[in-house]
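What the coordinates show
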Amino acid sequence: MDGPYPVVPAGLAAGAAARGDRLRRRRRALRRACWTLLFAVVVALLVWASLTHAWTTPSSGVSPPLEGW
């Protein structure tokens, strides 16, 4: 610990700051893209459900109608 410190390159801090800035911008863009994709999926699901009436039960075509009771 008492020995001489190693020589640090002159542009090390600026390079590290630039790399950190690029990583932050890339992560922000990825996060925005994921949120946009999630929003598009939710909108598509809502449109599909409203057009097909997914919450209603389908009519039963398996059993014959009861007549003559």
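Residues numbered from 1 in each chain as written. Predicted model: local features only at pLDDT ≥ 70, side-chain atom pairs only at ≥ 80, totals over all residues. Heavy atoms only, no water.

**Thoughts on the overall build of the protein chain**
Counting its secondary structure elements, the protein chain contains one helix and zero strands. Counting all 69 residues of the protein chain, 1% fall into the buried class. With an accessible surface of roughly 7000 Å², the protein chain has 68% of that area assigned to carbon and sulfur atoms. (Helix = DSSP H or I, 4+ residues; strand = E, 2+ residues; numbered from the N terminus. Buried < 20%, exposed > 50% of the residue type's maximum accessible area, 1.4 Å probe, protein only. Areas by Shrake-Rupley, 256 points an atom, 1.4 Å probe, with all protein chains shown as cover.)

**A word on the pattern of salt bridges**
Within this structure, the stated rule accounts for two salt bridges. With a shortest N-O distance of 2.7 Å, Arg24 and Asp21 are connected by a salt bridge. Highlighted residues: Arg24 and Asp21, both in helix α1 (residues 12–52), separated by three residues, approximately one helical turn. As a salt-bridge pair, Arg25 and Asp21 come within 3.4 Å of each other at their nearest N and O atoms. Residue Arg25 and its partner Asp21 are located together in helix α1, separated by four residues, close to a single helical turn. Residue class for Asp21 comes out partly exposed when judged on its relative accessible area of 28%. Because the salt bridges share partners, they merge into one network encompassing Asp21, Arg24 and Arg25. (Salt bridge = Lys/Arg side-chain N within 4 Å of Asp/Glu carboxyl O.)

**What about α1?**
With 41 residues, α1 should cover 60 Å at 1.5 Å per step; its first-to-last C-alpha distance of 60 Å lies within 8% of that length. Just downstream of α1 lies His53, where phi reads positive at about 50 degrees. (Expected span 1.5 Å × (residues − 1).)

**Describing a positive patch on the surface**
Taken together, the side chains of Arg27, Arg28, Arg31 and Arg32 define a basic patch exposed on the protein surface. The topology assignment puts Arg31 in helix α1. (Patch = residues over 30% accessible without salt bridge, like charges linked within 9 Å, V, L, I, M, F, W, Y side chains within 5 Å. Lys, Arg positive; Asp, Glu negative; His and termini not counted. Charge placed at Lys NZ, Arg CZ, Asp CG, Glu CD.)

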